[in-house]
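Structural overview for review
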Amino acid sequence: MARMKFYCDAERCIECNGCVTACKNENDVPWGVNRRRVVTIKDGEAGERSLSVACMHCSDAPCAAVCPVNCFYTTDDGLVLHDKDICIGCGYCFYACPFGAPQFPEDGAFASRGKMDKCTFCAGGPEEDNSAEERRKYGSNRLAEGKLPLCAEMCATKALLAGDASVISDIYRKRVVNRGASVLDWGVSYENASLRSSKGVQGKATMEE
Amino acid sequence: MLINHRRVLQFPALLFLILIAFPVFAENAPSSYKPVTVPNPATDLWRAVNPQQLPPAEAAMFPGGDSQVQGVQSGVLINQLGQRWRHFRMGQLLPTGSYLLAGAMLAILLFYLIRGKVLIRDGESDKKIERYSIYERLIHWFMAIVFLFLGFSGLILLFGRSLLLPWMGPELFSALASAAKEGHNLFGPLFLLALVLVFLKFVIRNIYQKGDLTWLLKGGGIIGKQDVPSNFFNMGEKTLFWLLIIVGGLIAISGVVLLFPVFGQGRDIMELSHVVHGIAAVVMLSVIIGHIYIGTIGMQGATEGMTSGYCDLNWAKDHHSWWAQRCIDEGKVMPKQQGAAVHHDNPAPAEAEK
Ligand code: HEM
Ligand code: SF4
Ligand code: SF4
């Protein structure tokens, strides 16, 4: 069974925010809510990198663990979705999520929280696929139409990848291997840098290909 | 940061042990590993993505990122504190909280079975003293109702998923939890108001004074049978008051931080507020269970003061003898009038008058 994943290639993302715009448009996201955002590290300095982030559809999802009404469910594709009819807008999922994915439309006085909204991997919610109800509450359900999330489909540099985890990791692995030079920084290639793991690098060095 | 420090310390300690145990390894190690001279720039990127995993001194060098999406902490890619908060709520607050509340109730039950109801030593008298004015009773019951409502609605949020959801079903429980949340948010600020009013009205009588320590050492005259004098409020009541002010104050302040996400507070502050709110609420609820018991079924004559405003003279002599003596000296003792004090022991008011 497929397990859907996002991956953002920090070597390719150019911080164009196309994914953010695509998501907002595709899902008619309420004002003030951003299901996806691009974060730039070391903005304007040497080694600047950008990453696009939304819900990562965790396997052991912290949001689902803390939800007081247990409104999250994991689909067969490994997507973490939630039921807005059950959600009470308490904000606990937002405290627990590592990626700041859950969002809250301001609802009523004193900026009180409305029902939580987050990335659905363009897979809608518990309602019938592509029903008007589902569209109103969760935005589009592209997965039911056999399409992948629009953010990744729109990405101009193909930095943002979405799809079956094994396919995504294959694509990324090939990129890493084939990118000869200047993959990590000017003048440093994987070939030189990864023969021995240097201090602070986690993971294994690969000698493949 | 606790975990990280531990991890940072563990590694050298382990290495040290290995080096001591195998001197051969220690000599061979440097020659078999050549350090890489090319620094890997990706490490800086991933450090900045997750600065909370670094020791504090280094974390300051990686202040997180920037994002076009405006919002509190929108530049933080990975918020590791969330995982700690999750473990606090699910692994600590939930089990410990339930043990504490259940323990408090069990302790009260045991106390009742062993000690029994605290009776007025010489029985009820036919005289009474005014104990609480209308205003004092009003703010007491205002606080009591608001506190209990907040307590129950909060407990629904905390324990509902494990206790109520399984048999109520998601739709019904969601409606209940939603009402609990909205009610909790609405009545929350009223608790702060009640706390201020109660503080202003009762603080002078609750300042600790000579004799309070003796009261404590003698178990308040409840454990054992000695006569322990005290003033308007005894040591136990004063302690309840200060617990309420301090722990209740923490509940109120942390609650307001959680309630209004408009002060620019980030997730770290909110997680901390929730930790304070959760612990303080569970502690205060356990204390209040004891208070409610001793104010109602646990002690003869205790409820009257807060309901009718008058207490029995003999009750006052038992539990607040200095205050009772002062009232006697000042001539504030009055006979119980018809209707003002109808007791179960007295079959008819007409008879009680005699
Ligand atoms: C100034 C007063 C208070 C305010 C502003 C306040 C606010 C809050 C807020 C905002 C929450 C998070 C859930 C939600 O959005 O509804 C919460 C949870 C909670 N509150 Fe309060 N509260 C107050 C007083 C109290 C009192 C007096 C108690 C207990 C006697 C209490 C017990 C709880 C409990 C048990 C939770 C649930 C914690 C959890 O689910 O992990 N609160 N409160
Ligand atoms: S909302 Fe956050 S915690 Fe929940 S699955 Fe998505 S990334 Fe994970
Ligand atoms: S805001 Fe909704 S989804 Fe998130 S924890 Fe609360 S009830 Fe669950």
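Every value quoted in this text rests on a predicted model; they were computed, and no experiment measured them.

Re the pairing of strand β6 (residues 160-164) of chain A
All names here are of chain A. The element β6 is extensively covered by neighbouring structure, given that four of its five residues are classed as buried. The pairing of strand β1 (residues 4-8) with β6 spans five bridges and is antiparallel. Following the sheet pairing, Lys5 is matched in β6 by Gly163.

Regarding a nonpolar patch on the surface
A grouping of B:Leu106, B:Leu109, B:Leu110, B:Tyr112, B:Leu113 and B:Ile114 is seen on the molecular surface, where their side chains present a nonpolar patch of about 660 Å² in accessible area. Of note, B:Tyr112 is situated in helix α5 (residues 81-115).

Some words on the site of ligand 1
All names here are of chain B. Close contacts around ligand 1 come from 24 residues, with Arg89, His184, Gly188, His274 and His277 the closest. One nitrogen or oxygen atom from the side chain of Asn185 is found 3.0 Å from an oxygen atom belonging to ligand 1. His277 is positioned such that a nitrogen or oxygen atom in its side chain is 2.7 Å from a nitrogen atom of ligand 1. Counting only elements with at least two residues in the shell around ligand 1, the list comes to α6 (134-163), α8 (170-202), α10 (235-259) and α11 (267-295). In terms of residue class, the shell around ligand 1 is made up of 14 nonpolar, eight polar and two charged.

Brief notes about the interface of chain B and chain A
Between chain B and chain A, the contact holds 50 residues from the first and 50 residues from the second. By the criterion of area lost to chain A, the three top residues of chain B are B:Leu77, B:Arg86 and B:Arg161, representing 15% of everything that side buries. In this structure, B:Arg86 engages A:Asp60 in a salt bridge whose closest nitrogen and oxygen atoms are separated by 3.0 Å. Inspection of the region where chain B meets chain A yields 15 residue pairs in polar contact (both at pLDDT 80 or more). Elements that contribute at least two residues to the side of chain B that touches chain A include exactly α3 (42-49), β1 (66-67), α5, α6, α8 and α11 of chain B. When residues of the side of chain B that touches chain A are assigned to their parent elements, the largest contribution, eight residues, is made by α3(B). A per-class count over the side of chain B that touches chain A returns 24 nonpolar, 15 polar and eleven charged. In this sheet, β1(B) lies alongside strand β2 (residues 37-41) of chain A in antiparallel orientation, the contact comprising two bridges. Bridge assignment links A:Thr40 to a residue of β1(B), and that residue is B:Asp66.

Thoughts on the confidence of the model for chain A
Of all residues in chain A, 82% have pLDDT values of 70 or greater, and the mean over the chain is 84. Contacts of residues 181-209 of chain A to residues separated by more than four positions or lying in other chains number 41 contacts, the stretch itself having pLDDT below 50.

Some points on helix α1 (residues 18-27) of chain A
Side chains that are three or four residues apart share a direction in an α-helix, a result of its 3.6 residues per turn. All names here are of chain A. Residues Cys19, Val20, Ala22, Cys23 and Asn27 constitute the buried set of α1. Along the long axis of α1, the arc covered by the buried residues comes to 165 degrees, so they all point the same way. For α1, exposure combined with an orientation more than 90 degrees from the buried face picks out Thr21 and Asn25. Looking at the residues trailing α1, positive phi occurs at Asp28, about 50 degrees.

Concerning the site of ligand 2
In the vicinity of ligand 2, 14 residues are found, and the nearest of them are A:Cys55, A:Met56, A:Cys58, A:Cys63 and A:Cys97. Taken together, the residues of the shell around ligand 2 break down into twelve nonpolar, one polar and one charged.

Some points on the coordination of the iron atom of ligand 1
Each donor-metal-donor angle would ideally measure 109.5 degrees in four-coordinate tetrahedral geometry, or 90 or 180 degrees in six-coordinate octahedral geometry. Around the iron atom of ligand 1, the protein contributes the donor atoms B:His184 (NE2) and B:His277 (NE2), which lie 1.9 to 2.0 Å from the metal centre. Here B:His277 falls in the buried class, since its relative accessible area comes to 17%.

Some words on a negative patch on the surface
A cluster of acidic side chains, namely A:Asp43, A:Glu45, A:Glu48 and B:Asp66, defines a negative patch on the protein surface. Looking at the secondary structure, you find A:Glu48 in the loop between β2 and β3 (49-53). Given a relative accessible area of 31%, A:Glu48 falls into the partly exposed group.

Some points on helix α6 (residues 165-178) of chain A
Residues and elements named next belong to chain A. The end-to-end C-alpha distance of α6, which contains 14 residues, comes to 20 Å, matching closely the 20 Å that a straight helix rising 1.5 Å per residue would cover. Among all positions of α6, only Ile168, Tyr172, Arg175 and Val176 are buried. Summarising the axial view, the buried residues of α6 lie within an arc of 95 degrees, below the 170-degree limit, and thus occupy one face. Exposed and facing more than 90 degrees away from the buried side of α6 are Lys174 and Asn178.

Describing the nonpolar core
One finds A:Val69, A:Phe72 and A:Leu160 to be the most contacted residues of the largest nonpolar core, which totals 65 residues. In this structure, A:Phe72 is in contact with A:Cys63, A:Ala64, A:Cys67, A:Val80, A:Leu81, A:His82, A:Cys93, A:Met116 and A:Lys118, ignoring residues within four places of it in sequence. The next biggest cluster of nonpolar side chains, apart from the first, holds 45 residues, and it includes B:Leu101, B:Tyr132, B:Phe159 and B:Phe232.

A short note on unusual backbone geometry
Residues and elements named next belong to chain A. If you check the backbone angles, Glu15 has positive phi at about 55 degrees while not being a glycine. When you line up the elements, Glu15 lands in the loop between β1 and α1. In the Ramachandran plot, Lys42 falls in the positive-phi region, its phi being about 55 degrees despite a non-glycine side chain. Inspection of the secondary structure assignment puts Lys42 in the loop between β2 and β3.

Some points on the packing of α5(B) against α6(B)
Residues and elements named next belong to chain B. At their nearest, the axes of α5 and α6 sit 11 Å apart, and the two run at 100 degrees to each other. Taken as axis vectors, α5 and α6 run roughly perpendicular relative to one another. Along the contact surface, α5 presents Arg89, Leu93, Leu94, Gly97, Ser98 and Leu101, while α6 presents Leu155, Leu157, Leu158, Phe159 and Ser162. The class makeup of the residues in the contact of α5 with α6 is seven nonpolar, three polar and one charged.

Section: the confidence of the model for chain B
Residue and element names in this part refer to chain B. Averaged over every residue, the pLDDT of chain B is 82; the share at 70 or more is 80%. Below pLDDT 50 for its whole length, residues 21-30 participates in one contact with residues either more than four positions away or in separate chains. Note on residues 340-354: pLDDT under 50 across the span, and nine contacts to partners over four residues away in sequence or across chains. Across the interfaces of the predicted complex, the ipTM metric reaches 0.82, alongside a pTM of 0.82.

Observations regarding the packing of aromatic side chains
For the structure shown, the criterion picks out 19 aromatic pairs over all chains. Where B:Phe111 meets B:Tyr293, the ring centres are 6.2 Å apart and the plane angle is 85 degrees; that geometry is what we call edge-to-face. Taken as a pair, B:Phe111 in helix α5 and B:Tyr293 in helix α11 lie far apart in primary sequence, 182 residues in all. By relative accessible area, B:Tyr293 is classed as buried at 6%. Members of the aromatic cluster, each reached through a chain of ring pairs, are A:Tyr92, A:Phe94, A:Tyr95, A:Phe104 and B:Trp85. Taking the ring centre of B:Tyr310 as reference, the NZ or CZ of B:Lys128 above it sits at 4.0 Å. Positioned above the aromatic ring of B:Phe232 is the side chain of B:Arg131, whose terminal nitrogen or guanidinium carbon lies 4.2 Å from the ring centre.

Rules used throughout
Residues numbered from 1 in each chain as written. Chains lettered and ligands numbered in written order. Predicted model: local features only at pLDDT ≥ 70, side-chain atom pairs only at ≥ 80, totals over all residues. Heavy atoms only, no water. Buried < 20%, exposed > 50% of the residue type's maximum accessible area, 1.4 Å probe, protein only. Helix = DSSP H or I, 4+ residues; strand = E, 2+ residues; numbered from the N terminus. Pairing = 2+ DSSP bridges. Patch = residues over 30% accessible without salt bridge, like charges linked within 9 Å, V, L, I, M, F, W, Y side chains within 5 Å. Areas by Shrake-Rupley, 256 points an atom, 1.4 Å probe, with all protein chains shown as cover. Salt bridge = Lys/Arg side-chain N within 4 Å of Asp/Glu carboxyl O. Near = heavy atom within 4 Å. Polar contact = N/O pair within 3.5 Å; in protein donor to acceptor, adjacent residues only side chain to side chain. Nonpolar A, V, L, I, M, F, W, Y, C, P; charged D, E, K, R; others polar. Contact = heavy atoms within 4.5 Å. Buried area = accessible area lost by both parts, 1.4 Å probe. pLDDT = per-residue confidence, 0-100. Arc of directions from axis to C-beta. Donors = N, O, S within 2.8 Å, 3.2 Å for Na, K, Ca; no water. Lys, Arg positive; Asp, Glu negative; His and termini not counted. Charge placed at Lys NZ, Arg CZ, Asp CG, Glu CD. Expected span 1.5 Å × (residues − 1). Core = buried A, V, L, I, M, F, W, Y, C linked by side-chain atoms within 4.5 Å. Axes fitted to C-alpha atoms, helices over the stretch in contact; angles between N-to-C directions. Parallel < 35°, antiparallel > 145°, perpendicular 65-115°, else oblique. Phe/Tyr/Trp six-rings, centres within 6.5 Å; stacked < 30°, edge-to-face > 60°. Lys NZ or Arg CZ within 6 Å of the ring centre and 35° of its normal.

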